[in-house]
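# Coordinates in review
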Amino acid sequence: MPFAHVTGWGMYVPEPVLTNDDIAKMVETSDEWIRDRTGIRERHIAREHEFPSTLGVEAAIKALQVANLAPTDLDLIICTSSSPEYIFPATACIIQDQIGATKAGAFDLQAACTGFIFATNMAAQAIRSGSIKNALVIGTEVLSRFVNWKDRNTCILFGDGAGAFVLQASDKPGGVLSAVMHSDGSGADSLTLLGGGTHYPASEATIHEGKHFVQMDGKEVFRFATRVMGRAVIETLEQVHMTTNDIQWIIPHQANYRIIETAAKYLKMPLDKFVINVDRYGNTSTASIPIATVESIQKGQLKTGDKAVFVGFGGGLTWGAMVIEWTGPIAAKKNVHPEQYRQFARLRSLIRRAIRFIEGLFSRRTL
Ligand SMILES: CC(C)(COP(=O)(O)OP(=O)(O)OC[C@H]1O[C@@H](n2cnc3c(N)ncnc32)[C@H](O)[C@@H]1OP(=O)(O)O)[C@@H](O)C(=O)NCCC(=O)NCCS
């Protein structure tokens, strides 16, 4: 049975930064309050022309560059987002077209902030089954467009950004070693975005009622997160007969510094074993784990051969964790340049659209 190794990683955040002081000009809050209760100092906010797909494409190309893998060699793309571009088509398909991943099947996976854990596990399972060799997993968010900037309970928390992993099959042991996925729909009400679906189709009333914004019971979500995080870490470690002593890093979903602190206490682990960057990005939902991973590699923390636990939680309610033995890029015979495929992809997309248009004209005539 092949192993599923993470061989590429990339992140992208939009340039504009919104500080706590900036938010204090919009709602009644303060830098001190936000830092004290969440650990967040600032977050990045997408510009008008940026979308989950544009952020996701940047992160994906970087991940493919690290893996030295051509987009045309991808078999599968899973995109996970709490702020997808549309209900359909899937953001994954837009990214597939833009990076030129011509043979990849692409779909979106929705598990709120746990999405990246679930999606990485699904991609790893597809590789482990032997049915595919190369997969791309992307977590991408423009949550700033779903946030009510008049609601101080939520607007202080979220930020925009994207992160991506390339997973590849190899006979060498390592990569994704174990994973747990959990859900509890009885807690669905505590973190929602209700408007625009079939229960509350977009209407003047739904807009008036603010149903197109993130709604959250902060205290309830806090209690849930602190309850499940540590347990999920232990559970996934037990699957591979490991303890916290066997791992070098925990890379948690970056929602709130105090939640991570509580998990560290539960696990009796020092906080410096946790990768934490919530202070500079806020909660980027599905993108937070890959962004934290990329930064930890850049800082020289996470290294080849290290074992790490990734752990996430979010709306649904959902939570999950996985143990990964970190690999790094597989040595390749020749250098590929994934970014060059992007130019061809644009041209290819235009040509396919033109062909579809012309075919449409002819088929209308023959009908
Ligand atoms: C949202 C959160 C930071 C609020 O912190 P908290 O300590 O629970 O604060 P509370 O909601 O109890 O509010 C305490 C007081 O601060 C006030 N407050 C709330 N938000 C505030 C803000 N941004 N600035 C200043 N005061 C604020 C409240 O109105 C309340 O005032 P009151 O006591 O006069 O009623 C915290 O609950 C949290 O992080 N929850 C988890 C959220 C999360 O991670 N969601 C995503 C999961 S993927």
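Computed from a predicted model, the values in this text were never measured in an experiment. (Residues numbered from 1 in each chain as written. Predicted model: local features only at pLDDT ≥ 70, side-chain atom pairs only at ≥ 80, totals over all residues.)

## A few points about the overall build of the protein chain
Applicable threshold: Secondary structure elements follow DSSP: runs of H or I no shorter than four residues count as helices, runs of E no shorter than two count as strands, and numbering proceeds from the N terminus. Put simply, the radius of gyration uses C-alpha atoms, and a globule should come to 2.2 Å times the residue count raised to 0.38. Burial is judged by counting other C-beta atoms within 10 Å of a residue's own C-beta: 20 or more means buried, 12 or fewer means exposed, and anything between counts as partly exposed, with every C-beta placed from the backbone.
Counting its secondary structure elements, the protein chain contains 11 helices and 13 strands. Rg of the C-alpha trace for the protein chain: 21 Å, near the compact-globule value of 21 Å for 367 residues, within the 12% margin. For the C-alpha atoms alone, the extent of the protein chain along its principal axes is close to 65 × 55 × 35 Å. The burial tally for the protein chain puts 50% of its 367 residues in the buried class.

## As for the site of the ligand
This is how it is decided: Only the C-beta atom matters for this test: placed from the backbone, it must lie within 6 Å of a molecule or strand for the residue to be near it. Here the term charged refers only to Asp, Glu, Lys and Arg, the term nonpolar to Ala, Val, Leu, Ile, Met, Phe, Trp, Tyr, Cys and Pro, and the term polar to all other amino acids, Gly among them.
Close contacts around the ligand come from 18 residues, with Thr-29, Arg-152, Gly-218, Phe-222 and Ala-255 the closest. It is helix α7 (residues 218-239) that provides the largest number of residues to the shell around the ligand, a total of 4 residues. Residues belonging to the shell around the ligand are distributed by class as follows: 8 nonpolar, 7 polar and 3 charged.

## Observations regarding the sheet that holds strand β13 (residues 318-325)
How we decide: Strand pairing is assigned whenever DSSP detects at least two bridges linking the two strands. Think of each axis as a best-fit line through the C-alpha atoms, taken over the contacting stretch in the case of a helix, with angles from 0 to 180 degrees between the N-to-C directions.
One open sheet accounts for 4 strands, arranged β8-β13-β12-β11; its pairing is mixed. The sheet is open, and its two edges are formed by β8 (175-183) and β11 (249-252), each paired on a single side. On average, adjacent strands in this sheet sit at an angle of 15 degrees to one another, irrespective of strand direction. Pairing between strand β12 (residues 307-314) and β13: 8 bridges, direction antiparallel. Its bridge partner lying in β13, Phe-310 is registered against Met-322.

## What about the nonpolar core?
This is how the line gets drawn: By convention the nonpolar core is taken to be a set of buried residues drawn from Ala, Val, Leu, Ile, Met, Phe, Trp, Tyr and Cys and joined through C-beta atoms within 7 Å. Residue pairs qualify as contacts under a 7 Å threshold applied to their C-beta atoms, which are placed from the backbone.
One finds Ala-60, Ala-63, Ile-77, Ala-123 and Val-137 to be the most contacted residues of the largest nonpolar core, which totals 115 residues. The contact partners of Val-137, leaving out residues within four places of it in the chain, are Ile-78, Phe-116, Ala-119, Thr-120, Ala-123, Ala-164, Phe-165 and Leu-167.

## A word on helix α5 (residues 115-128)
Let me state the cut-off plainly: A helix is expected to reach a length of 1.5 Å times the quantity of its residues less one.
Along its 14 residues, α5 runs 20 Å from first to last C-alpha, staying within 8% of the 20 Å computed at 1.5 Å per residue. A large share of α5 lies buried, amounting to 12 of its 14 residues. What α5 keeps buried is the set Gly-115, Phe-116, Ile-117, Phe-118, Ala-119, Thr-120, Asn-121, Met-122, Ala-123, Ala-124, Ala-126 and Ile-127. Where α5 ends, the next residue or the one after it, Gly-130, has phi of about 90 degrees, a positive value.

## Details of the pairing of β12
Among the 8 residues of β12, 7 are classified as buried, and the element is accordingly described as predominantly covered. Note that β11 and β12 share 4 bridges and pair parallel. Looking at the pairing, Pro-252 lines up with Val-311 of β12. Here β12 hands over to β13 after 3 residues, with Gly-316 in that stretch at a positive phi of 135 degrees.

## Some details on the environment of Ala-123
Counting through the fold element by element, Ala-123 comes out in helix α5. Judged by the 26 C-beta atoms lying within 10 Å of it, Ala-123 falls in the buried class. Along the chain, Ala-123 and Val-13 lie 110 residues apart, while their C-alpha atoms are 24 Å from each other. Excluding its chain neighbours within four sequence positions, the residues that come into contact with Ala-123 are Leu-76, Ile-78, Ala-135, Val-137 and Leu-167.

## Looking at the packing of helix α3 (residues 52-67) against helix α4 (residues 91-99)
Quick reminder of the rule: Angle categories: roughly parallel below 35 degrees, roughly antiparallel above 145, roughly perpendicular from 65 to 115, and oblique for all the rest. Definitions for this section: a left-handed crossing has its near helix turned counterclockwise from the far helix by less than a right angle. A right-handed crossing has that turn clockwise.
At a minimum axis separation of 9 Å, α3 and α4 run at an interaxial angle of 55 degrees. Judged by the inter-axis angle, α3 sits oblique to α4. Crossing of α3 over α4 shows right-handed handedness. Counted together, Pro-52, Ser-53, Gly-56, Val-57, Ala-60 and Ile-61 of α3 and Thr-91, Ile-94, Ile-95, Gln-98 and Ile-99 of α4 form the full contact between these two elements.

## Considering α7
Look at α7: 32 Å from first C-alpha to last across 22 residues, which is about the 32 Å you get at 1.5 Å a residue. Listed in full, the buried residues belonging to α7 are Val-221, Phe-224, Ala-225, Val-228, Met-229, Gly-230, Ala-232, Val-233, Thr-236 and Leu-237. The first or second residue beyond α7 is His-241, which carries a positive phi of 55 degrees.

## A look at the sheet that holds strand β4 (residues 76-80)
What the 5 strands build is an open sheet, ordered β1-β7-β6-β4-β5; its pairing is mixed. With one partner strand each, in any of the chains shown, β1 (3-12) and β5 (105-109) form the two edges of the open sheet. Adjacent strand axes in the sheet meet at a mean angle of 20 degrees when their direction is disregarded. When strand β6 (residues 134-141) meets strand β7 (residues 161-170), the two strands line up antiparallel, connected through 8 bridges. Across the sheet, Val-137 pairs through a bridge with Phe-165, a residue of β7. Those strands touched by helix α10 (residues 288-298) are β1, β6 and β7, and its axis lies near 90 degrees from that of β1.

## Some details on unusual backbone geometry
With an omega dihedral of 10 degrees, the bond running from Phe-88 to Pro-89 counts as a cis peptide bond. Secondary-structure assignment places Pro-89 in the loop between β4 and α4. Between Gly-316 and the following residue, Leu-317, the backbone shows a cis peptide bond with an omega angle of -10 degrees. Within the secondary structure layout, Leu-317 lies in the loop between β12 and β13. One non-glycine residue, Asn-68, lies in the positive phi region at around 55 degrees. By the element assignment, Asn-68 lies in the loop between α3 and β4. For Asn-68, a count of 19 C-beta atoms within 10 Å puts it in the partly exposed group. The phi angle at Lys-268 is positive, at roughly 55 degrees, despite the residue not being glycine.

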